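Fold and contact review
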Amino acid sequence: MIDQTKAALLEYKAPGSFEETRYEKLHNVIVNNSSDGSIAIAHCIAKLILAKQKKKETCVLGLATGSSPLSVYRELVRLHQEEGLSFKNVITFNLDEYYPISKEDVQSYYHFMHQNLFNGIDIEPENIHIPNGEVTPEELRASCIAYEKKIKKLGGIDLQILGIGRTGHIGFNEPGSHLNSQTRTITLDHLTRFDASAAFQGIENVPRKAITMGIQTILNAKRILLMAWGTYKAEIIQKAIEGKITDKIPTTYLQYHKNTTLILDTEAASELTRIKTPWLVSSCDWNEANRSKAIAWLSERVNKSILKLTDEDYNQNGMSDLLAQHGSSYD
Ligand code: F6R
């Protein structure tokens, strides 16, 4: 039932252990497309649920909403309905919820989760936890503290699923979020509200606030899988993986976590140094395509026309082996 090869694809490998991961500070796996990646993630989750069932243990999952995990949830529902995977031992905690919002609201994450996952599986309703967007402002703080306590009481999150926002947020931990942050309210950044505006039929309808698990809550998870699909995530993915840890890009905090894997489709991975300019990382296959790409890149980088590029320009920009193959820049 569980495809072990697919699940094994996402096995954690410490970043920095392989030559091609130079510049990279987060372990990542590049898949052909989001469908392959989603199926691999779903099979990883299923494998953990089954392993916990064997040991008669509960499996605590941290879940995300948004467009990224939709196909993961579709595959989990299929595994339940067609292959008998049971979720009776599963306890879930969602990352976030808009505030204020009613559970009946179709834009609420409460609705999203029931629609896309919970209604299609046999999870016990009392095992589902989603931050409550219906509490009064007076109750809010206590409700966040209680959420955090409940996670701890149940032994912490075994596997946390994440997407990434274009602000670099995980959960709704927007730039400026503290490393030690816990479940709390947050004011959403404009870009986050803009990205949600289609679902709400206009940015003016997107709530200004949300409740989110904190950075610390997320980092306490035993295993983290973050997925990113599409070109519009490529720039922030490059910063998250190759950049220094900074509160300006909260995803970089994952560099502190020693069991995190990012699953990227080829488009989301397209700005990584090893993909965009592989000659800066290790020896490169100097086929026609790479040669043209590299020379055009070099000419732009040093701001010279191709005919004016010198041996030194090539040597100083990771292209000395190309030069060796051809004699000199003139050739
Ligand atoms: C949602 C969440 C957010 C999203 C992120 C990406 O629960 O926590 O961090 O994962 O905004 O959203 P999508 O997947 O819609 O691009």
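Criteria and thresholds
- All chains use their own residue numbering, which begins from 1 and follows the written sequence.
- In view of the model being predicted, local features appear only for residues whose pLDDT reaches at least 70, and side-chain atom pairs are presented and counted only at 80 or more, with totals across whole chains, interfaces and linings using the full set of residues.
- Hydrogens and water molecules were not included; the side-chain quantities draw on all heavy atoms of the structure.
- For Phe, Tyr and Trp, rings pair up if their centres lie within 6.5 Å, where Trp contributes its six-membered ring, and each pair is then called stacked (planes under 30 degrees apart), edge-to-face (over 60) or tilted (otherwise).
- The numbering of helices and of strands both runs from the N terminus, where a helix is a DSSP run of H or I of at least 4 residues and a strand a run of E of at least 2.
- Burial classes follow relative accessibility: with a 1.4 Å probe on protein chains only, a residue under 20% of its type's maximum area counts as buried, one over 50% as exposed, and anything between as partly exposed.
- One speaks of a salt bridge when a side-chain nitrogen belonging to Lys or Arg is within 4 Å of a carboxyl oxygen belonging to Asp or Glu.
- The split of the chain into domains comes from an automatic or database domain assignment.
- In this text, near means that some heavy atom of the residue lies within 4 Å of the molecule or strand in question.
- As used in this structure description, the phrase polar contact means that two N or O atoms lie within 3.5 Å; if the pair is within protein, one of them must be able to donate a hydrogen and the other to accept it, and residues adjacent in sequence are counted only when both atoms belong to side chains.
- Values of accessible area rely on a 1.4 Å probe in the Shrake-Rupley scheme; residue burial ignores everything except the protein chains shown.
- Following the grouping adopted for this structure description, the nonpolar residues are Ala, Val, Leu, Ile, Met, Phe, Trp, Tyr, Cys and Pro, the charged ones are Asp, Glu, Lys and Arg, and the polar ones are all others, Gly among them.
- Helices are assigned an expected span. That span is 1.5 Å times one less than the residue count.
- What makes two residues a contact is simply this: any of their non-hydrogen atoms within 4.5 Å.

**So, the packing of aromatic side chains**
- Scanning the model with the defined rule gives 8 aromatic pairs in all.
- A centroid spacing of 5.4 Å and a plane angle of 65° characterise the contact between tryptophan 279 and tryptophan 297, whose relative ring orientation is edge-to-face. In this pair, tryptophan 279 sits in the loop between helix 9 (273–276) and helix 10 (288–301) while tryptophan 297 sits in helix 10, placing the two residues 18 residues apart along the sequence. Judged on exposure class, the residue tryptophan 279 and its partner tryptophan 297 are both buried.
- Put simply, the rings of Tyr98, Tyr109, Phe112, Phe172 and Phe200 touch in pairs and so form one group of aromatic residues.

**Regarding the pattern of salt bridges**
- Scanning the model with the defined rule gives 14 salt bridges in all.
- We note a salt bridge from arginine 78 to glutamate 83, for which the minimum N-O separation is 2.9 Å.
- Classification of arginine 78 by relative accessible area gives partly exposed; the value is 26%.
- One network of salt bridges, in which partners are shared, links Lys52, Glu57, Asp158 and Lys222.

**Some details on the domain arrangement of the protein**
- Taken domain by domain, the protein holds domain 1 (4–276) and domain 2 (281–326).
- Summarising the inter-unit geometry, the C-alpha centres of domain 1 and domain 2 are found 40 Å apart.

**What to know about the site of the ligand**
- Looking at the ligand, there are 14 residues lining it, with Ser68, Asp96, His169, Gly171 and Lys233 nearest.
- Note that an oxygen atom of the ligand is positioned 2.7 Å from one of the side-chain N or O atoms of threonine 65.
- Here an oxygen atom of the ligand and a backbone polar atom of serine 67 are 2.8 Å apart.
- For the ligand, whose unbound accessible area comes to 410 Å², protein coverage reaches 88%.
- For the shell around the ligand, the residue count by class is 4 nonpolar, 8 polar and 2 charged.

**Topic: unusual backbone geometry**
- The omega torsion of the bond from tyrosine 99 to proline 100 falls at -10°, within 30 degrees of zero and hence cis.
- Inspection of the secondary structure puts proline 100 in the loop between strand 4 (96–99) and helix 4 (109–116).
- Even without being a glycine, tyrosine 23 presents a positive backbone phi close to 80°.
- Mapped onto the elements of the fold, tyrosine 23 is located in the loop between helix 1 (4–8) and strand 1 (27–31).
- The phi angle at glutamine 201 is positive, at roughly 55°, despite the residue not being glycine.
- Mapping glutamine 201 onto the fold places it in the loop between helix 6 (190–196) and strand 8 (209–212).

**Here's the deal with helix 10**
- Helix length check: helix 10, at 14 residues, gives a terminal C-alpha distance of 20 Å against a target of 20 Å (1.5 Å per residue), a fit within 8%.
- For helix 10, the complete set of buried residues consists of Asn290, Ala294, Ile295, Trp297, Leu298 and Ser299.
- Tucked into the core, helix 10 has its buried residues touching helix 11 (311–315) and helix 12 (320–326).
- One or two residues past the end of helix 10 sits asparagine 303, with phi positive at roughly 55°.

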